[in-house]
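Reading the structure
Given next are the chains, with one letter for each unit.
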Amino acid sequence: SYKLLYKLTNIVTIKNKKTLNTVIIIPARIDSSRLKKKLLRNISGLPMIVRVAQNAENLKMGRVIVGTDSREIYNECEKNNLEAMMTKSSHKSGTDRVYEVYKILNKDFDLIINLQGDLPIFKKDLLEKTTKLFSDDSVDIASAVCDLEDSEINDNNIVKARVVLDDYDEGFALDFMRTVDCTKNIYHHIGVYIYKPNVLKEFVSLLQSKREKERNLEQMRAMDNNYKIKLVKVGHNPPSVDTIEDLKKIRLHFKKNNF
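Calculation criteria
Residues numbered from 1 in each chain as written. Predicted model: local features only at pLDDT ≥ 70, side-chain atom pairs only at ≥ 80, totals over all residues. Heavy atoms only, no water. Buried < 20%, exposed > 50% of the residue type's maximum accessible area, 1.4 Å probe, protein only. Helix = DSSP H or I, 4+ residues; strand = E, 2+ residues; numbered from the N terminus. Arc of directions from axis to C-beta. Contact = heavy atoms within 4.5 Å. Lys, Arg positive; Asp, Glu negative; His and termini not counted. Salt bridge = Lys/Arg side-chain N within 4 Å of Asp/Glu carboxyl O. Core = buried A, V, L, I, M, F, W, Y, C linked by side-chain atoms within 4.5 Å. Axes fitted to C-alpha atoms, helices over the stretch in contact; angles between N-to-C directions. Parallel < 35°, antiparallel > 145°, perpendicular 65-115°, else oblique. Left-handed = near helix turned anticlockwise from the far one by under 90°. Nonpolar A, V, L, I, M, F, W, Y, C, P; charged D, E, K, R; others polar. Polar contact = N/O pair within 3.5 Å; in protein donor to acceptor, adjacent residues only side chain to side chain.

1. Describing helix α6 (residues 197–205)
The complete set of buried residues in α6 reads Pro 197, Val 199, Leu 200 and Phe 203. For α6, the arc enclosing every buried residue in end-on projection is 155 degrees, short of the 170-degree limit, so these residues lie on one face. In α6, the exposed positions that point more than 90 degrees away from the buried face belong to Lys 201 and Ser 205. Among the structural elements, α4 (94–105), β6 (111–114), β7 (141–146), β10 (186–195) and α8 (219–224) are those in contact with the buried residues of α6.

Right, dumping it as structure tokens:
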């Protein structure tokens, strides 16, 4: 069938390209508004940031570095044999912190993965599928979505993405928002971003856009400056930890699964 032929052709195309040199950078700010010092919160004997970084290392998708403004976080990473770098405390966003780490590295990478430090549980296909979006050379930034639950529709803390997905669950982002008036082509946006280095460099030099300020969504700056953000749908939503209730659920998950 045409669909099978496309998939086979796409696989060959990806295989024929050189192996991408990827770095995973985890921005780790010590301050957090809803859950104090959440990245240092204990999850089955280890701080959350250590859990995230270890999970990333286990994927074996590239070098993993924690960029932080906290000596406490830095020391915990060092104690657990994880690479970490001290960064400025003045950064307004995680993306700025990611770029500082990238500059300190002073090494060429094909792709830079911005992985959130409050995602202690995520599956390999989240980063694998998102990375594969760069087989399309027109992609500037890649990210992911999953199905939006009914309970999330009116939750302004959940970021939504409008995207028309093709038969392979991929599509370019049309918009991002917190509130929606209809749910057609609307998905739950997962806050993992993968950048081409030149795009990341340009992005952090741009002024905040009007829609970015209004919605408090950094990705609107990319949209408003005509960067192409491609999204892929994955089958799971990696739970982020923002509240004490979230933390309790994560701890219970680790306990049940004997981590």
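2. What about the side chain of Glu 152?
You can see Glu 152 is positioned in the loop between β7 and β8 (160–163). Buried Glu 152, no salt bridge; nearest opposite-charge side chain is Lys 160, N-O distance 7.5 Å. Leave out the neighbours within four places in its chain, and Glu 152 touches Asp 147, Ile 158, Lys 160, His 188 and Asn 237.

3. Some points on the nonpolar core
Counting 46 residues, the largest nonpolar core has Ile 24, Ile 26, Val 66, Ile 73, Leu 115, Phe 122 and Leu 127 as its most contacted members. Ignoring any residue separated from it by four or fewer positions in sequence, one finds Leu 127 in contact with Ile 24, Leu 59, Met 61, Ile 113, Phe 122, Val 192 and Ile 194.

4. Here we look at unusual backbone geometry
Backbone geometry places Lys 37, a non-glycine residue, at a positive phi of 45 degrees. Mapped onto the fold, Lys 37 is located in the loop between β1 (22–28) and β2 (42–43). Given a relative accessible area of 34%, Lys 37 falls into the partly exposed group. Positive phi, close to 55 degrees, is recorded for Lys 60, a residue that is not glycine. Topologically, Lys 60 is positioned in the loop between α2 (48–58) and β4 (63–68).

5. Comments concerning the packing of α4 against α6
Running from N to C, α4 and α6 point in directions that differ by 125 degrees, and their axes come no closer than 10 Å. Taken together, α4 and α6 sit at an angle that is classed as oblique. The two elements α4 and α6 cross, and the hand of that crossing is left-handed. Taken together, the residues of α6 that come into contact with α4 (itself represented by Thr 95, Asp 96, Val 98, Tyr 99 and Tyr 102) are Pro 197, Leu 200, Lys 201, Phe 203 and Val 204. Per-class residue counts for the contact of α4 with α6 are 7 nonpolar, 1 polar and 2 charged.

6. Details of helix α3 (residues 71–79)
Along α3, the residues classified as buried are Ile 73, Tyr 74 and Cys 77. Projection of α3 onto a plane perpendicular to its axis shows the buried side chains occupying an angular sector of 100 degrees, all on one side. Buried residues belonging to α3 abut β1, α2, β4 and β5 (84–86). Residue Ser 70 occupies the N-cap position of α3, its side-chain oxygen lying 3.1 Å from the main-chain nitrogen of Glu 72. Of the residues flanking the end of α3, it is Asn 81, one or two places downstream, whose phi is positive at about 60 degrees.

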